[in-house]
Every structure is written in C-alpha cells, then in structure tokens.
Amino acid sequence: MSAAPPSETTRPPAPRHPLVTVLSLLFILLGLVLGGLGIWLFQLGGSAYYALAGAGLLVSGVLLWTNRTVGAWLFFAVFAATFFWTAWESGSDYWRWLPRIGAFAVLALVLALLLPTLRDPVPRRASRTAAGVLGLGLVLLVGLAFASHGGVSGDTAFPETAPSAGLAPTREVSAQPADDPAAADWTAWGRSNAGTRYSPQQQITPENVAQLAPAWEFRTGDRPRRRWGAETTPLKVGDTLYLCSARNQLIALDAATGTQRWRFDPKVRDTAIPSTTACRGVAYYEVPAAPQVDPLLSDVAADLAVPVALPAEDGGVVSTSSRAPCAARIIEGTLDGRLVAVDAASGRPCAQFGNNGQVDITLGMGEVVPGQVAIIAPPTIARGLIITGHQGLQRADGSAPSGVIQAYDAQSGKLRWAWDLGAPELSTRPAQGKTYTPGTPRLLTTATSDEQLGLVYLPLGDAVAAEGSARMATSLVALDASTGKPAWTLQAAPGDAWNDDLVAQASLVDFPTAAGKVPALVLPTRQGDLYVLDRRTGQRLDPPAAAVPASVSGALKRTHTLDERDMWGLTPLDQLVCRIQFRRAAQPGAHTRIAYPGQHGGVDWGGVAVDPRHGVIVSNYTDLPDYLRKGAQADSGLAGWLSGAPFSGAGAQAAAGGGWRSNAGWRLLFTGLSCKQPPYGGLRAVELRSGAVLWERPFGSARGLGPFGLRSHLPIEIGAPNAGGAVVTAGGLIFIAAANDDLLRANNLKTGKELWRTELPAGGQATPMVYQQGGRQYVVIVAAGHHAMGTPRGDYVMAYALPN
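The shown structure was predicted, so the numbers you read here are calculated from the model rather than taken from an experiment.

Enquirer: Provide a residue-level description of the sheet that holds strand S13 (residues 358-360), including the pertinent values.
Expert: Remark on secondary structure: sheet strands pair via backbone hydrogen bonds, oriented parallel or antiparallel. Spatial ordering of the open sheet is given by S8-S11-S12-S13, a layout of four strands whose pairing is antiparallel. What marks the edges here is a single partner per strand, and that holds for strand S8 (283-286) and S13. Taking the axes of each pair of neighbouring strands and ignoring which way they run, one obtains an average angle of 20° across the sheet.

Enquirer: So what about the pairing of strand S31 (residues 681-687)? Which residues, and what values?
Expert: Most of S31 is tucked away: seven of the seven residues are buried. Residues of S31 alternate between two faces, with Gly681, Leu683, Ala685 and Glu687 on one and Gly682, Arg684 and Val686 on the opposite face, all of them buried. Relative to S31, strand S27 (residues 616-622) runs antiparallel, the two sharing seven bridges. Of the residues in S31, the one forming a bridge with Val616 is Glu687. Alignment of S31 against strand S32 (residues 693-698), held across five bridges, turns out to be antiparallel. Residue pairing for S32: Leu683 is matched across the bridge by Arg697. Connecting S31 to the next strand, S32, in antiparallel fashion are five residues, including Gly691 with a positive phi near 80°.

Enquirer: Tell me about helix H3 (residues 69-90), residues and numbers included.
Expert: In this model, H3 (22 residues) spans 31 Å end to end at C-alpha, consistent with the 32 Å of a helix rising 1.5 Å per residue. Along H3, the residues classified as buried are Thr69, Gly71, Ala72, Phe75, Phe76, Val78, Phe79, Thr82, Trp85, Thr86, Glu89 and Ser90. The inward-facing, buried residues of H3 abut helix H1 (18-43), helix H2 (49-65), helix H4 (94-114), helix H5 (124-143) and helix H7 (572-585). Of the residues flanking the end of H3, it is Gly91, one or two places downstream, whose phi is positive at about 60°.

Enquirer: Describe the packing of H4 against H7, with residues and values.
Expert: As a packed pair, H4 and H7 sit with axes 8 Å apart at the nearest point and diverge in direction by 150°. Contact residues: H4 offers Pro99, Arg100, Ala103 and Phe104, while H7 offers Pro572, Gln575 and Arg579. Of the residues belonging to the contact of H4 with H7, the class tally is four nonpolar, one polar and two charged.

Enquirer: Account for the nonpolar core, naming residues and giving values.
Expert: The biggest cluster of nonpolar side chains holds 65 residues, and the ones touching the most others in it are Phe27, Phe75, Phe76, Leu111, Val618 and Ile734. Considering every element that reaches this core, the biggest residue donor is H4, with 11 residues. In this structure, Phe27 is in contact with Leu57, Leu58, Ser60, Gly61, Leu64, Phe75, Leu107 and Leu111, ignoring residues within four places of it in sequence. Ranked by size, the runner-up nonpolar core spans 56 residues in total, among them Tyr242, Val342, Leu744 and Met798.

Enquirer: Could you give an account of H2, with specific residues and numbers?
Expert: Across its 17 residues, H2 extends 24 Å between first and last C-alpha, which sits within 8% of the 24 Å expected from 1.5 Å per residue. What H2 keeps buried is the set Tyr49, Tyr50, Ala51, Ala53, Gly54, Gly56, Leu57, Ser60, Gly61, Leu63 and Leu64. A positive backbone phi angle near 70° is found at Asn67, which sits one or two residues after H2.

Enquirer: Give me the sheet that holds strand S19 (residues 455-459): which residues, what numbers.
Expert: The strand order S18-S19-S20-S21 describes an open sheet built from four strands, whose pairing is antiparallel. On the outer flanks of this sheet lie strand S18 (448-450) and strand S21 (486-491), each paired with one strand and no other. Across the sheet, the axes of successive neighbouring strands diverge by a mean angle of 15°, strand direction being ignored. Taken together, the three bridges between S18 and S19 define a ladder with antiparallel strand orientation. Residue pairing in the sheet places Asp450 in a bridge with Leu455 of S19.

Enquirer: Residues and numbers for the environment of Arg526, please.
Expert: As for its position among the elements, Arg526 is in the loop between strand S23 (516-524) and strand S24 (530-534). Taking the C-alpha atoms as reference points, Arg526 and Asp604, 78 residues apart in sequence, are found 6.1 Å from one another. Within the structure, the side chain of Arg526 is placed 2.7 Å from the side chain of Asp501, a separation counted as a polar contact. Of note is the side chain of Arg526, whose polar atom sits 3.4 Å from the side chain of Asp604.

Conventions adopted
Residues numbered from 1 in each chain as written. Predicted model: local features only at pLDDT ≥ 70, side-chain atom pairs only at ≥ 80, totals over all residues. Heavy atoms only, no water. Pairing = 2+ DSSP bridges. Helix = DSSP H or I, 4+ residues; strand = E, 2+ residues; numbered from the N terminus. Axes fitted to C-alpha atoms, helices over the stretch in contact; angles between N-to-C directions. Buried < 20%, exposed > 50% of the residue type's maximum accessible area, 1.4 Å probe, protein only. Expected span 1.5 Å × (residues − 1). Contact = heavy atoms within 4.5 Å. Nonpolar A, V, L, I, M, F, W, Y, C, P; charged D, E, K, R; others polar. Core = buried A, V, L, I, M, F, W, Y, C linked by side-chain atoms within 4.5 Å. Polar contact = N/O pair within 3.5 Å; in protein donor to acceptor, adjacent residues only side chain to side chain.

See the structure below:
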C-alpha cells in the first residue's frame, strides 16, 4: 500500500541558499561589532544609533540563519530606520549620506534578490521589483558623487573695480627688478617683493583659455628617489627663466623655447636633505650701476664695464654684452645651509661673493647635523642685503639649532647683521665658544620687503625646542632691513600648542580706509585668519571678528568646527571607529586630541594671490585635521587599535604640556582614508576690504585619493589636499595646480568656475608663474611631485600658451 503524499503542514523547510548563509553570518558579525562599539560610543556621549542598529542586525542574522523571512523584514526595517536617521542627521549634505547608506543599500539589494529562496518565499516579480528600486537608488547615490557639492556663491557681487582705484602697493623707490617688475617679467618668488602673485598679462582670457596648449617642456634631470618635492617657482627676467631643481642645481632657460642656457650644480649631498628635497625658488639681484664718470676718464669707465639693461619690445629687459661678470646674479639657498651666487649670464660662481661664490650660514650655530639647517624658501633681497632664514629637522633629543635670521651683503657675501631673538643685543656672530640661541622660532617661508620703508616682514614658526624662546613664536616681525632691529611685532597665536606657526608669505597692498590709502600687508594663517596690518606700525586695520562677524579677520576660516556628524568612512563600521576616536579625544583628561586644521591644513606655504584691480584675494586651502596622541602615553588592546592609525613626528610643544605624536590628516589604520568627511580642500575668493566671501568651491578631484594607498583616478570633485599657491592675472583668470590630482587648472576669477584643465606628467605641488616673451603670454608650472602628498615624482618644467 503506497504512502500518502506529505501535506503542506508536514513539508520539510526549503534548504538555505548559500548566499543566505553568507548574509546571515555577515549580519551576525556586523551586529556584534556595531552593537558592541555602539554601546561604547553611547557611553562616551555619542549617537545611540549604532547600538540599536547593531542589535537589529544581530537578531536579523540569527533569524536568517533559520531561513525565516522575518529576518529579512527585520533587516529592511533597520535599513529604513538608517535612511530616516541619515536624513535627520545629515540633511542635504551628500558626503554624509554615502557612508551611512551605501553599504546597507548594497546588502539590501542582495537580500531582496534572495527573498524567493526563504522559508516563506516572496514572489520573484516582487523580489526583482524591490531589487530594481534599490539598484536605481544605488546608481543615483553613486552618480551624485560626480556632481558638484559644497560650492558657495557669496551674497556680495564681484566688484568691478577696487575702492580708490586699486590695491597695488605704491612704489616710489625701485631699487631692483624684484621691487617693481616689468609687465612682462616675474622677478621674485611672489612675482615681486610685495608677494602678490598677480600678473598684469591679459592675452589669455576666460573666452580663449580653453585653447591653451603645451608650448615647451624641459626636464631638469634631478629626480630624488626619496622625499621628493621641488616646490619650485621660476623667475623670468628679460628673455631668461631662472630656476633651481630639487637638489639646488641652478638652471637658466630661454623664456620662449625652454632651451637650456646654462646650469650650475652646487653639489648638495643626499645626506643634507631634511624632510623634503625642496627648492622653492631663487632670487635675482643687479649690482647698482656705478656713478657717472667724467668724460676725461672714459677709458676707466670702459674698464669698469658698467652693467646696462636695455628695454625689450615686450617691456622686459634683455641681456647685453656690456655687463660685467656677476653684475646681475642669481642667488639661492641650499639644503645644506649655504648661500650661492652665480652670474646670471653664464652661471659661473661670483668669485667676489663669500668663498668663491658661496657662504655658510651655519657658522655660529654650534654642531649642525646634516639636514638640520636647510634653506628651502628663496631669500629676500632688500637694501642690498640677502636676508634669509632656514628650516630643518630637530635632533634626536628634541632640540634644534637656532632660528637666527641673517643678512649678507649681496655683493660681497659678508655678514652684515644677525637677529637672534634669544639674544637681541647680539647683532653679529657669537663669540668663540658661544652659539646663537638654540631652538628659537624659524622663518619657514620667504620674507616680504618694502624698499621704501626699509622693512622686511618675517612670518615666524613656533619655538621648535624646549630651550627656545617662545616670546615671538608664531609672530609676524618687521625688521629694519639695514640693521636687523625689530620695528614691530604681531603675535598671531600666543601660547601656540600645535601647528599655529606662520608658513605663508605676507603680501603688500595699499589698503583703503576712511582717511585714505594706508600702506598695508595681508597675512594668512593656517587657522584661516587673514590679518590686515599697517605695515609701517603693525597696527591692525581689520576689525576684530568678534565685533564684525564678516570681518577680514576670519575671512579664510572654516565655516564650522568638527562634530561627530562630520566623521566619515567607506562603511558605517569605519565611520563608527572615527566617531569613537572623536568622542575619546573630547573626554576630560584624554591623552588624545584633535588639531583642526592640521599641520597641512588651512593656508599653507602657497599663501594668497591678490588682484589689486578689484580688491580681491584668492586662496586655496586644505581642510583636514590631525589626530594627536600624547607622546608619553600609549593605548593597549581595543583602545590602541582604535587610535592606532599611523602616528609620527615627536613634537616638543611646551605649551601643550609635552610631546605629541601626530596622525596627519587623521587617517584610519587600515583604509588610510581620513576620518573627516569631504571636501578636503577648497578655493575661495574674498573681498579684502569687507572680508565678504565672493565665492567658494571644493578644489581638487579624487584622482589622487583612494583607500589602502591606491589612487582612484576618479574625476569626482571631492576637494583634495593641496600644497602650492595660485596666480591671478589681469585677464581675469586664476592659474593653480597644487592639488594631489596632478592637474593644472584655470578658473574664472569672478565666479570660480573651472574653464580649462590639463594633466601634468607629475604632481604640481608648486605655484605657477605667468610672463610674456616675444608678444606671447606663457603659463609655467614645475611638475616634480611630492612624497608627502602621494603624487608621482618628476622633473618637468611645463609651459603653456595660446596657439601662434
């Protein structure tokens, strides 16, 4: 007798699909991790969402293990709750949605397709419809990444003209081309000693910039294998470009063709390299013409070979054979602490300068280990003196050589004065057996000078060693160029604890006030402040931010401070880890803290560019924090893992209460991505007089960013870390590279809109320069890459121009 078929009530449960098994185990694991860490976050005062979501995922995974459909419904409920929580916490901020929703949406899509395989199956058509809706949502979520986010159009219209006919600094004394460049030239690192990075060239405009094409290319041949990052901006005087390579080789190029004219190698050894092989630029100096000679002594005058500069057709000057050797000279500082002077026409050392063309600035500093005294920024020449500072590395015990500022005669190379702020009464080298005061603040950038006032303006860093004086740390100091005596001081960050040092060159302007124009300077800082000072007295011309919310004082500041909602990651899990780190740093007595912006944040050494015709400044900035750990402390176990992303660099920060180690950019241990949400960099235009933001936009794409140290090459304008500065032109354009995406861009000065871009053969961590030669306007950028930015190394000098 045959057995009756089984009834519906006795039918065995459907076998579990292998993918359901994987999902259930994944949900259980995620639930345990999210729930456990979520409870910890909640105890630290953070969001309760992760603990609740973790509990829901755990129960959902257990139910799915039994192949029950209710487990899927529970997961979809968690996903829906996540969606509404994200909308409540994030609003319309796109970059906050991606890590909160993205991973859950992928899991929901897979689970939707598996619904027909569960014990109480969902019809296949309904399953596919749900999966299709989720798939479209995912496509929309990812696709929105390619749209522009975070751009701001200010409430103030772009000014057609600046008040009182412009901010260009008045030049009643023009001792050198660097003080008052010809329209076609670029004669100092910031184009002139005023440091405005503004070119009067107008041939390239918003209407024709899309036609820019490579004009010529030059390779320096100097490509360090480690710590690369030349950061060079060439000079253009007459028909010649002058530049230095990463390891201080001096090179002269034909300005129209890029053909090499001469090269001089000062033989800098690799052992002298500090943190980066950087030579940001050189200085140009012309020996003053000899006084007029009586005609009866014309033969003597001929023997003197008085230097002559003849005008060129485009407003520059051309070299002539009547120049005596070294009547015009190129001067650079080297990575091993030397000043080198060579003939601008031939590249041969100036024998009358120091010891056959060089002087050693480390004399008087005591024992100096290679790498501890390096001249990276180009020196400034004022009143016939070469004024230089230096930077470098600390010793193993945290001490450092003196940050003494020195001035050398530009013709003879003799030391004329030294300013040691630890011993202000000393104006020459210390007596035998003595040294300049160790550890005093250093000049980390190029000084600005006013030849008429006879002042040089030095933005100083922090006191780098415990024995160093902090009295003038993070200060802008005006020195008498002839004597080295301080005229006035502004301390921008008293009691600096971390990374408030001044690294950007000040820029000179004539600032409009109710009483008329005042000779002024603008000083950007890493904290986003923009000081406007009477450069004669140091008196502030901008109102304090507390009195006028839109004042210039805070014109470059970030719009808000970090909070827990700003934490980011690829998934909810790494975002949760970042939230815990954030909350731990906020606990009383914590031995971790957050520095925002971090050591490469805010306005870095690229400084600002000034459009004097419209009274507008343009600045790029990096918007990344650092996560700091007290050097003497250490975490263990899970706490150590959560804050164990790469810490480096011991800091002797006395004001902070001891040494701190930094996780630069606050990167996660495994992915290497920052804990802060994008954007990571921006470009901003500000009306100088009012401090009003005219426009702002994220600057830099995701091409150079990605997890695990990989470059994504994605053309997403995420806002990228950047190093280098911008140039503005009378043609209404901003030229800038700087970002870690290896692109050179041209943006509309009035709107910030990108109008042209080109891919560079290596990273463009340098400030471009603009000049004219033979009736043709050129844009030149040194593309050498930067190890700290993760950009490819190179040795390229790239020139772009409109087609002939």
